[in-house]
Amino acid sequence: MKTTDVRAFWNAQAHAGATAGSRDTIAAELERRAIMAHIAPGSRVLDVGCGTGETLRVVADMGCDVTGWDYAPAMIDEARRASVFTGGAYAVVDVRDEPPVAERFDVIYTQRCIINLPNWHMQQRAIRYLLSLLKPGGLYLMCECSAEGLAGINDMRAVVGLQPITPPWHNRYLRDAEIEELDWADGEPLEAIEYPLSTYALLSRVVNAALAEQEGHAPDYNAPVNRLALDLPPIGQLGQQRLWVWRRTL
């Protein structure tokens, strides 16, 4: 995975607007709800890998002071254009450069951003860097994808005769063991892991996918059975999407 290729991919995606980050709008909405549940009105918030700013504009509507970073210039151009009425500061930033930042944030979140880094060394450096930008007591909401979570949903797909899902070429999903072995000697422990898309993973990637295969067509992201997940609570620990909640204690 070459960084230049990944950046080129996301620059090309910017024209898609609301679906630039993912065509799976139900999944994106469930991620957004999970993130927003941890943000208090009036917070200073940083969205890293903000894309076209879909989530950050909703956060801005909560009365938050918002900043958006992305390393794809075309994404930032689109975010600025779309944020004329909600405001916010947007900048082209690559977290691997670890730029010095004077201000500190109440909340930082990533939404399928860290998985675009090609290896664990870069991923853990990015996690530590983002934690360093928090105020004491601040939260880093890491809404990313888990290799083990994907394996679990693939096990269920196999039971109903479906082929396994593979990660996109530009993603390196996080591993549980790596995260568990992080040394937080500087006082930045993991607070919780949430599974906000577990019900959706079952309905969309197993039930709807199996029904679509039986009927001889591709699954529809917006199928009625998928949309039920917007009203049902999460169940179990299914699916690749997870929300890791980190709190800076020092």
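To start, this report covers the structure provided alongside it. (Residues numbered from 1 in each chain as written. Predicted model: local features only at pLDDT ≥ 70, side-chain atom pairs only at ≥ 80, totals over all residues. Heavy atoms only, no water.)

### Quick notes on the overall build of the protein
Item 1. From N to C terminus, the protein includes 9 helices and 7 strands.
Item 2. In summary, the protein has a C-alpha radius of gyration of 18 Å against a globular reference of 18 Å for 250 residues, a match within 12%.
Item 3. Expressed along its principal axes, the backbone C-alpha trace of the protein runs to roughly 55 × 40 × 35 Å.
Item 4. Buried positions account for 49% of the 250 residues belonging to the protein.
Item 5. By sequence separation, contacts in the protein at least 24 residues apart represent 76% of the contacts at least 6 residues apart.
Item 6. For the protein, the exposed area adds up to about 11,400 Å²; of that, 55% sits on carbon and sulfur atoms.
Item 7. Looking at the protein, you have 23 positive and 32 negative side-chain charges, and the mean spots of the two groups are 3 Å apart. (Helix = DSSP H or I, 4+ residues; strand = E, 2+ residues; numbered from the N terminus. Rg over C-alpha atoms; globule rule 2.2 N^0.38 Å. Buried < 20%, exposed > 50% of the residue type's maximum accessible area, 1.4 Å probe, protein only. Contact = heavy atoms within 4.5 Å. Areas by Shrake-Rupley, 256 points an atom, 1.4 Å probe, with all protein chains shown as cover. Lys, Arg positive; Asp, Glu negative; His and termini not counted. Charge placed at Lys NZ, Arg CZ, Asp CG, Glu CD.)

### As for the sheet that holds strand E6 (residues 190-194)
Item 1. Pairing is mixed across the open sheet formed by 7 strands, whose spatial order is E3-E2-E1-E4-E5-E7-E6. Of all the strands in the sheet, the pair left with one neighbour each is strand E3 (89-92) and E6. Here the strands of the sheet are splayed against their neighbours by 15 degrees on average, with no regard to which way each runs.
Item 2. Sheet topology places strand E5 (residues 134-145) next to strand E7 (residues 241-247); 7 bridges connect them, and they run antiparallel. The residue bridging Met142 from the neighbouring strand is Trp244, located in E7.
Item 3. In this fold helix H5 (residues 120-132) packs onto strand E1 (44-48), strand E2 (65-70), strand E4 (105-111), E5 and E7, with an angle of close to 145 degrees to the strand it touches most, E5. (Pairing = 2+ DSSP bridges. Axes fitted to C-alpha atoms, helices over the stretch in contact; angles between N-to-C directions.)

### Let's talk about helix H6 (residues 147-159)
Item 1. Across its 13 residues, H6 extends 19 Å between first and last C-alpha, which sits within 8% of the 18 Å expected from 1.5 Å per residue.
Item 2. Inspection of H6 places Gly149, Leu150, Ile153, Asn154 and Arg157 among the buried residues, and these make up the whole buried set. Projected down its long axis, H6 shows its buried positions confined to an angular sector of 135 degrees, all on one face. Seen from the buried face of H6, the exposed residues on the opposite side, beyond 90 degrees, are Asp155, Ala158 and Val159.
Item 3. Looking at the buried residues of H6, the elements they touch are helix H8 (198-215) and E7.
Item 4. For H6, the N-terminal cap is Ser146; the gap from its side-chain oxygen to the backbone nitrogen of Glu148 is 3.2 Å.
Item 5. With its phi angle positive at about 80 degrees, Gly161 sits one or two positions after the end of H6. (Expected span 1.5 Å × (residues − 1). Arc of directions from axis to C-beta. Polar contact = N/O pair within 3.5 Å; in protein donor to acceptor, adjacent residues only side chain to side chain.)

### Focus: the packing of H6 against H8
Item 1. It is at 9 Å that the axes of H6 and H8 come closest, and there the two elements cross at 25 degrees. Classed by the angle they form, the pair H6 and H8 counts as roughly parallel. Along this stretch, H6 crosses H8, giving a crossing that reads as right-handed. Of the residues in H8, those in contact with Ile153, Met156 and Arg157 of H6 are Ala201, Leu202, Arg205, Val206 and Ala209.
Item 2. Looking at the contact of H6 with H8 residue by residue, the classes come out as 6 nonpolar, no polar and 2 charged. (Parallel < 35°, antiparallel > 145°, perpendicular 65-115°, else oblique. Left-handed = near helix turned anticlockwise from the far one by under 90°. Nonpolar A, V, L, I, M, F, W, Y, C, P; charged D, E, K, R; others polar.)

### With respect to the pairing of E4
Item 1. Most of E4 sits inside the fold, with 6 of its 7 residues counted as buried.
Item 2. As paired elements, E1 and E4 share 4 bridges and run parallel to each other. Bridge pairing in E4 places Leu46 opposite Ile108.
Item 3. Sheet analysis places E4 next to E5, joined by 6 bridges and oriented parallel. If you follow Thr110 over to E5, its bridge partner there is Met142.
Item 4. In this view, the connection linking E4 to its parallel neighbour E5 by way of H5 has right-handed handedness. (Right-handed = clockwise from strand over helix to strand, strands pointing away.)

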